[in-house]
Number of protein chains: 4
Amino acid sequence: MAEPVGVAVVGASGYAARELIQILLRHPGARIAMATSRQDERLDALHPSLTGRIDLACEPFDADRLAERCRFAFLGLPHTASMAIVPSLRERGVKVIDLSADYRLTDAQVYEDWYGHAHTDPAALADAVYGLPELFRDRIPAAGLIANPGCYTSTSILSLAPLVAQDLIDRKSIIIDAKSGVSGAGRSPKLTTHFPECNESLTAYNVGRHRHTPEIDQVLTAVAGGGEPVEVIFTPHLIPMDRGILATIYATPKKPVAEHDLIDLFRSFYADSPFVRVVTRLPATKDSAFTNFFDVTVRVVRGRIVVLACLDNLVKGASGVAVQNLNLMLGLPETTALL
Amino acid sequence: MAEPVGVAVVGASGYAARELIQILLRHPGARIAMATSRQDERLDALHPSLTGRIDLACEPFDADRLAERCRFAFLGLPHTASMAIVPSLRERGVKVIDLSADYRLTDAQVYEDWYGHAHTDPAALADAVYGLPELFRDRIPAAGLIANPGCYTSTSILSLAPLVAQDLIDRKSIIIDAKSGVSGAGRSPKLTTHFPECNESLTAYNVGRHRHTPEIDQVLTAVAGGGEPVEVIFTPHLIPMDRGILATIYATPKKPVAEHDLIDLFRSFYADSPFVRVVTRLPATKDSAFTNFFDVTVRVVRGRIVVLACLDNLVKGASGVAVQNLNLMLGLPETTALL
Amino acid sequence: MAEPVGVAVVGASGYAARELIQILLRHPGARIAMATSRQDERLDALHPSLTGRIDLACEPFDADRLAERCRFAFLGLPHTASMAIVPSLRERGVKVIDLSADYRLTDAQVYEDWYGHAHTDPAALADAVYGLPELFRDRIPAAGLIANPGCYTSTSILSLAPLVAQDLIDRKSIIIDAKSGVSGAGRSPKLTTHFPECNESLTAYNVGRHRHTPEIDQVLTAVAGGGEPVEVIFTPHLIPMDRGILATIYATPKKPVAEHDLIDLFRSFYADSPFVRVVTRLPATKDSAFTNFFDVTVRVVRGRIVVLACLDNLVKGASGVAVQNLNLMLGLPETTALL
Amino acid sequence: MAEPVGVAVVGASGYAARELIQILLRHPGARIAMATSRQDERLDALHPSLTGRIDLACEPFDADRLAERCRFAFLGLPHTASMAIVPSLRERGVKVIDLSADYRLTDAQVYEDWYGHAHTDPAALADAVYGLPELFRDRIPAAGLIANPGCYTSTSILSLAPLVAQDLIDRKSIIIDAKSGVSGAGRSPKLTTHFPECNESLTAYNVGRHRHTPEIDQVLTAVAGGGEPVEVIFTPHLIPMDRGILATIYATPKKPVAEHDLIDLFRSFYADSPFVRVVTRLPATKDSAFTNFFDVTVRVVRGRIVVLACLDNLVKGASGVAVQNLNLMLGLPETTALL
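Throughout what follows, the structure given in this document is the object of discussion.

Rules used throughout
Residues numbered from 1 in each chain as written. Chains lettered and ligands numbered in written order. Predicted model: local features only at pLDDT ≥ 70, side-chain atom pairs only at ≥ 80, totals over all residues. Heavy atoms only, no water. Helix = DSSP H or I, 4+ residues; strand = E, 2+ residues; numbered from the N terminus. Rg over C-alpha atoms; globule rule 2.2 N^0.38 Å. Contact = heavy atoms within 4.5 Å. Areas by Shrake-Rupley, 256 points an atom, 1.4 Å probe, with all protein chains shown as cover. Lys, Arg positive; Asp, Glu negative; His and termini not counted. Charge placed at Lys NZ, Arg CZ, Asp CG, Glu CD. Least-squares fit on C-alpha atoms with pLDDT ≥ 70 in both. 1 Å grid on protein atoms, 1.4 Å probe; cavity = no way out; pocket = protein on both sides within 12 Å on 5 of 7 lines; lining within 4 Å. Points joined across faces, edges and corners; volume = space filled by probe spheres on them. Buried < 20%, exposed > 50% of the residue type's maximum accessible area, 1.4 Å probe, protein only. Pairing = 2+ DSSP bridges. Buried area = accessible area lost by both parts, 1.4 Å probe. Salt bridge = Lys/Arg side-chain N within 4 Å of Asp/Glu carboxyl O. Axes fitted to C-alpha atoms, helices over the stretch in contact; angles between N-to-C directions. Parallel < 35°, antiparallel > 145°, perpendicular 65-115°, else oblique. Left-handed = near helix turned anticlockwise from the far one by under 90°. Nonpolar A, V, L, I, M, F, W, Y, C, P; charged D, E, K, R; others polar.

What to know about the overall build of chain A
For step 1, the next point in the chain: Looking only at helices and strands, one finds 12 helices and 13 strands in chain A.
For step 2, the next point in the chain: The globule rule puts the C-alpha radius of gyration for 339 residues at 20 Å, and the 19 Å found for chain A is close to it.
For step 3, the next point in the chain: Projected onto its principal axes, the C-alpha positions of chain A cover 60 × 45 × 40 Å.
For step 4, the next point in the chain: Residue pairs at least 24 apart in sequence account for 68% of intrachain contacts in chain A once pairs closer than 6 positions are excluded.
For step 5, the next point in the chain: Carbon and sulfur atoms provide 50% of the accessible area of chain A, an area that totals close to 11300 Å².
For step 6, the next point in the chain: If you average the places of the 33 positive and of the 38 negative side-chain charges in chain A, the two averages end up 4 Å apart.

Below is the structure:
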């Protein structure tokens, strides 16, 4: 293998960044050459689990220094912070894998409606490739800007793509009842994620207004080849566990379907996707935790299709898929550093 | 207040029985005069939390001895074990509050289909009163046999009753995505409830074949006043926490509805029910844990009705409602010992 | 029973305050006549679990208004905030039960050394009665100011009092390895109590410098009747659970002892204490959770005494014992509202 | 690198076996050529997390078939089951890494005293090498039989070895207060590890009689170079989390010591041990979870030495150290497949 390529982790203090660093430390084709954070600290001070693993101090973001050392930048920033620096990186020829939501929606107006900020880099939206390799594998190698998908979004889209691609379901009938571990809420302490509040408790949140909704609608409508827009009902729930998303998805088939045909459909649709495991058991988040796998099954209940799927929100839902995208961009096997 | 009435706890080793005993110890109108269990032990050996609270040893079940000492028997037995002893108790004039499923379904054939056993006391099914006071308060005082509802069932029925009573929703459109803490699975150790298996994990189970399904269908059809049967899709999930059920319920309205009208409907429907709290926030299980409250709200999302509701599966979902039924049978305030 | 006495909950937003309110709502001799908080909200907005239970809005603290309505004030304030208002309450004849640490240490200099603030009300330290009824039951009824003990402190002191009172152990040999659920850290979100940080993790904290150390030393030295000061090694740990403290305590006996003699000693020492349960099994926090019980056992291992004890940090470790003190001050049975 | 060596996983259904398989799947020098279990199932049926990772069915144990395919056997069996088959493997020239306790104690009588069974292969005890590379690195490469240490044992011994090797502490003064996640109790469902029993609870167990006690005594006495035997007081606790052991260890120094000197001692003692991280912060189990690291710090509190240390009981406490031993036996870098 060639000399490892230099990569930067911009915004290194969060959970997805830590997960990314842990994966990259096992990657034979990449070397973390820079980490940035507003906190001017060593990586192992921000993340004690990295003690003895990497000898690197965070520095403030600087596009020039980054471009000198790195060909790729992973952005682990909050939304709006990403689009503030992406242009400077692209001008310098750095390829960007953005883990925020800033380049996921193709329509700047939809972004503004859901995120409450005008988009400051709307021209780039057309260039961004949605980084879900299972659906857009062909477009990723040549991309200069990857919009890495959200964790709920990946779970939902991968669960429904085979069905909408085959036009098997009523596009207005889709209900996504999604459940996530608490790391999905990020690393900033808040009352809702304070241990004695969310431990031993269960609640829905952002009912009818979670920002992943338009992203799911948009990508599934594209998978469907256009036509009537997909409009999902998406209900997220907070589960007292660290990691993992389980989605229980209900859809009305256009005509009666058999369970085994659906399983066959999923298996053939994902035949070339090494991280999709179509199973017949009911998936449990623990079996995909700390892995890059997406586990899915399909049932038919009283004529309705029920898809049950899970993944690790920090790996397949964030940093693992980011490295999967890196692998495709580097021409490496998709599974490099991910098994 | 009169002399406390003697009550028996038959099958005292499980979680619902423990909860029941704790409630009864605060009850001014009832006295635990007998506890039975296959394990011939003191109650505080079975349940160390009861140390210093009650000085009583379990004995084998004996209908005569029970009838001598007790006017009421709570049955905390597995299904089929209840119907094996209910006739002997009723013959002796003991009023029975059965926490098992044996007398909940009015049709013995449906029981056999879902529970895999022929019903051995089918004649009594017509006498049994379904012990959900919020819906059947009038019939409970005179009942000799209460079929205490299941925990998932109470959550689901109370969430939907106002809507089906007013015929506001399509009866085939109902999806109940239910989530339960692990105590709902009982106290017998199994691999699926072994701590390192279910902790930090999340999974659905019994998809399309959970035994609470026909109970929900039956009671909601009755609430609707007959006509087209209600047929729900019911998906239970196991959540890594001790207690609590949250149900997220989706239904298609027959005509467009406004959220505030639905909140008003729920408030008026439950105006006389002291344990129903119609809230506008999203309910969290922790806020009703260790209480007899049922918390519920209603939202409209993209034209669909979403009901979100929770209760404590061991209290309002089992032993609390059992005492609520006892209170009604004794002519006491419904809230006695339950606040 | 006479007309319930008016009581105030000063600082109503924390966990101990919520627990206190829930206990007082069951109390026949007390009525919550006032709640104060910097947040100008209804109690059921601060604590959704109180919905339907109490119809009261918090108001800013005002000594005059409080004294008009209340004969007792419970203070759920951070340290230094209590001593800022206690004089104003005592001047107005209000009896104070202070849950903070401000009046627990008898020596103002020790307070300053450990809390980093000069004591602003040192004269009152001599008046304050340490509110551990099991040891100071006689002094509580007449007290005007109760210093309600800390949760770690109560666990440690009750575990060791029989041994030091009998002068059975080397006073410099005591090691207290204490473990607490996360609610002990309060309700303010911090990184260390952010769910994804402390869940599935275990760590010690404040090793050698936890502020409960001098409190334990002081009270145990008093129990010993003076002489050589007790000096404990105290190590607190954070456990991923909501509630409960378990202390595992090691001490070297002055001469060989037998386990059963120690059990007998504990039983006779606490014969009149309805909330102490001396058991022979190993106590588990869950068995005393949500109760006012203190569970304790004693073992001898390789000649060393090992005491194992637990209690609920929010009940027996804070609000339950506060109500126990109130009961004594009102001349009511010690267990009122606490079983 | 040469052709990967064939290895067997004997007793493949438990948690340590699953962890071992996951590590070996990343190992460039080893190939799982056989798995045995009483359950005649595929590995991914026993462990759904292995779906898509390995295509192998368990078979009954057979020494001949094993010896044909494998040069190494890892034994994940309960005690007594290991010694029943070890002779048959050694006769056939298979090197054995035994994760059970069967060959850890050098004295067959001590084994019988603590395990309640006569040892059936006592002659082999002298050949077995205690597989703690940090202490016995030199003896491992040539070993034919590795007694892989227990999880509590490794934590305790590594925490104390520098101190006893330098004869700094009183050998009778050692108190080990150890806390373990529930996976340490194995995969067989029991009431004590049933989720609703141990979740949200905390208790000590086997106080004064845990079987790791004589193992700790024996190895530390050897590290001390003989002389007065080490006799520790060992108290294990069950913590509501999946993984991780934290030990809080107290010892009386023979003469006054300074904290920084102890830190220096630990650093130099473990200078060549890549998996020991001597830190100055207080270790948290989460930071070593899912890794082969042992994290340790030392404090001095009121003249007493307090060592705080943690590791992942399934990795560094079982399967990771087993692979570390394999690496040494194969002449590979100690960290192969373990970072």
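Alright, that's what it looks like, and here's the rest.
Overview of the relation of the copies chain C and chain A
For step 1, the next point in the chain: Between the two copies, chain C and chain A, the superposition gives an RMSD of 0.0 Å; the rotation angle is 180 degrees and the shift along the axis is 0.0 Å. With respect to symmetry, the two chain copies, as superposed, fit the operation of a two-fold axis.
For step 2, the next point in the chain: A symmetric contact is evident, with 100% of the interface residues of chain C recurring at the interface of chain A.

What to know about empty space enclosed by the protein
For step 1, the next point in the chain: For the structure on display, the rule yields 4 cavities of 30 Å³ or more.
For step 2, the next point in the chain: What the largest cavity holds in volume is close to 70 Å³.
For step 3, the next point in the chain: In terms of lining, the largest cavity is formed by Asn199 and Pro240 of chain A, Phe195, Asn199 and Pro240 of chain B, Asn199, Glu200 and Pro240 of chain C together with Phe195, Asn199, Glu200 and Pro240 of chain D.

A word on the pairing of strand β7 (residues 175-180) of chain C
All names here are of chain C.
For step 1, the next point in the chain: Within β7, 6 of the 6 residues are buried, leaving the element largely enclosed by the surrounding structure.
For step 2, the next point in the chain: Burial along β7 is two-sided: Ile175, Asp177 and Lys179 facing one way and Ile176, Ala178 and Ser180 facing the other are all buried.
For step 3, the next point in the chain: Note that β7 and strand β9 (residues 233-238) share 6 bridges and pair parallel. Bridge pairing in β9 links serine 180 to leucine 238.
For step 4, the next point in the chain: Pairing of β7 with strand β10 (residues 245-251), which is carried by 6 bridges, proceeds in the antiparallel orientation. Across the sheet, residue alanine 178 finds its bridge partner in β10, namely alanine 247.

Structural notes on the interface of chain C and chain A
For step 1, the next point in the chain: Taken together, the contact between chain C and chain A spans 20 residues of the former and 20 residues of the latter.
For step 2, the next point in the chain: Surface buried jointly by chain C and chain A totals about 1700 Å² across both partners, of which 58% is contributed by carbon and sulfur atoms.
For step 3, the next point in the chain: Per-residue buried area on chain C facing chain A is highest for His194, Phe195 and Asp242 of chain C; these three make up 38% of the total on that side.
For step 4, the next point in the chain: Across the contact surface, chain C and chain A share 2 salt bridges.
For step 5, the next point in the chain: In this structure, glutamate 197 of chain A engages arginine 187 of chain C in a salt bridge whose closest nitrogen and oxygen atoms are separated by 2.9 Å.

A word on the environment of leucine 25 of chain D
Residues and elements named next belong to chain D.
For step 1, the next point in the chain: By secondary structure assignment, the location of leucine 25 is in the loop between α1 (15-24) and β2 (30-36).
For step 2, the next point in the chain: Between the alpha carbons of leucine 25 and alanine 67 there is a distance of 20 Å; along the sequence they are 42 residues apart.
For step 3, the next point in the chain: Not counting the four nearest positions on each side in its chain, leucine 25 is found in contact with Leu50, Arg53 and Ile54.

Re unusual backbone geometry
Residues and elements named next belong to chain B.
For step 1, the next point in the chain: If you check the backbone angles, aspartate 167 has positive phi at about 55 degrees while not being a glycine.
For step 2, the next point in the chain: With a relative accessible area of 35%, aspartate 167 lands in the partly exposed category.
For step 3, the next point in the chain: The phi torsion at phenylalanine 290 lies on the positive side, around 65 degrees, for a residue other than glycine.
For step 4, the next point in the chain: With respect to the helices and strands, the residue phenylalanine 290 is situated in the loop between α11 (285-288) and β12 (294-301).

Re the interface of chain A and chain B
Where interface size is quoted, it is often the accessible area lost as the parts come together.
For step 1, the next point in the chain: Contact with chain A, which involves 44 residues of that partner, is made by 44 residues of chain B.
For step 2, the next point in the chain: Interface area for chain A against chain B, summed over the two sides, is near 3500 Å², with a carbon-plus-sulfur share of 59%.
For step 3, the next point in the chain: At the surface where chain A touches chain B, the tally comes to 4 salt bridges.
For step 4, the next point in the chain: With a closest N to O distance of 2.9 Å, aspartate 177 of chain B and lysine 179 of chain A form a salt bridge.

Topic: the pattern of salt bridges
For step 1, the next point in the chain: This structure, assessed with the given rule, holds 88 salt bridges over all chains.
For step 2, the next point in the chain: One salt bridge connects aspartate 167 of chain B with lysine 254 of chain B, and the closest N-O pair in it is separated by 3.0 Å. Placement of aspartate 167 of chain B in the loop between α7 (151-165) and β7 (175-180) and of lysine 254 of chain B in the loop between β10 (245-251) and α10 (259-269) is noted, with a sequence separation of 87 residues between them.
For step 3, the next point in the chain: In this structure, the salt-bridge partner of arginine 281 of chain D is aspartate 287 of chain D, at a minimum N-O distance of 3.9 Å.
For step 4, the next point in the chain: In this structure, a network of salt bridges that share partners links the residues Asp177 and Lys179 of chain A together with Asp177 and Lys179 of chain B.

Concerning the sheet that holds strand β2 (residues 30-36) of chain B
All names here are of chain B.
For step 1, the next point in the chain: Spatial strand order, β2-β1-β3-β4-β6-β5: 6 strands in an open sheet with parallel pairing. Of all the strands in the sheet, the pair left with one neighbour each is β2 and β5 (129-130).
For step 2, the next point in the chain: Direction of pairing for β5 relative to strand β6 (residues 145-147): parallel, over a ladder of 2 bridges. Counterpart to valine 129 in the pairing with β6 is isoleucine 146.
For step 3, the next point in the chain: With respect to the sheet, helix α4 (residues 81-91) is in contact with β1 (5-10), β3 (72-75), β4 (95-98) and β6, its orientation differing from that of β3 by roughly 180 degrees.

Notes on the sheet that holds strand β7 (residues 175-180) of chain D
Hydrogen bonds along the backbone pair up the strands of a sheet, which may run parallel or antiparallel.
All names here are of chain D.
For step 1, the next point in the chain: If you walk across this open sheet you meet the 7 strands as β8-β9-β7-β10-β13-β12-β11, and the pairing is mixed. Among the strands making up the open sheet, the edge pair consists of β8 (203-204) and β11 (276-278).
For step 2, the next point in the chain: Of the pairings in the sheet, the one linking β11 to strand β12 (residues 294-301) comprises 3 bridges and is parallel in character. Paired with valine 276 across the two strands is phenylalanine 294, which belongs to β12.
For step 3, the next point in the chain: Here helix α7 (residues 151-165) sits on the sheet in contact with β7, β9 (233-238), β10 (245-251), β12 and β13 (304-311), set at roughly 140 degrees to β13.

Observations regarding the side chain of threonine 36 of chain A
For step 1, the next point in the chain: Assignment of secondary structure puts threonine 36 of chain A in strand β2 (residues 30-36).
For step 2, the next point in the chain: Not counting chain neighbours up to four residues away, the residues in contact with threonine 36 of chain A comprise Val9, Val10, Gly11, Ala12, Cys58, Glu59, Pro60 and Phe61 of chain A.

Concerning the relation of the copies chain A and chain B
For step 1, the next point in the chain: The two copies are related by a screw operation: chain A maps onto chain B through 180 degrees of rotation and 0.0 Å of translation along the axis, at an RMSD of 0.0 Å.
For step 2, the next point in the chain: Of the interface residues in chain A, 100% have counterparts in chain B that sit at the interface too, so the contact is made through matching surfaces.

What about the packing of helix α7 (residues 151-165) of chain C against helix α9 (residues 212-223) of chain C?
Residue and element names in this part refer to chain C.
For step 1, the next point in the chain: Contact pair α7 / α9: the axes reach a minimum separation of 9 Å and the direction vectors enclose 25 degrees. Between α7 and α9, the crossing angle belongs to the class labelled roughly parallel. Seen from above, α7 lies across α9 with right-handed handedness. Here Cys151, Tyr152, Thr153, Ser156, Ile157, Leu160, Ala161, Val164 and Ala165 of α7 lie close against α9, whose contacting residues are His212, Glu215, Ile216, Val219, Leu220 and Val223.
For step 2, the next point in the chain: Split by residue class, the contact of α7 with α9 holds 11 nonpolar, 3 polar and 1 charged.

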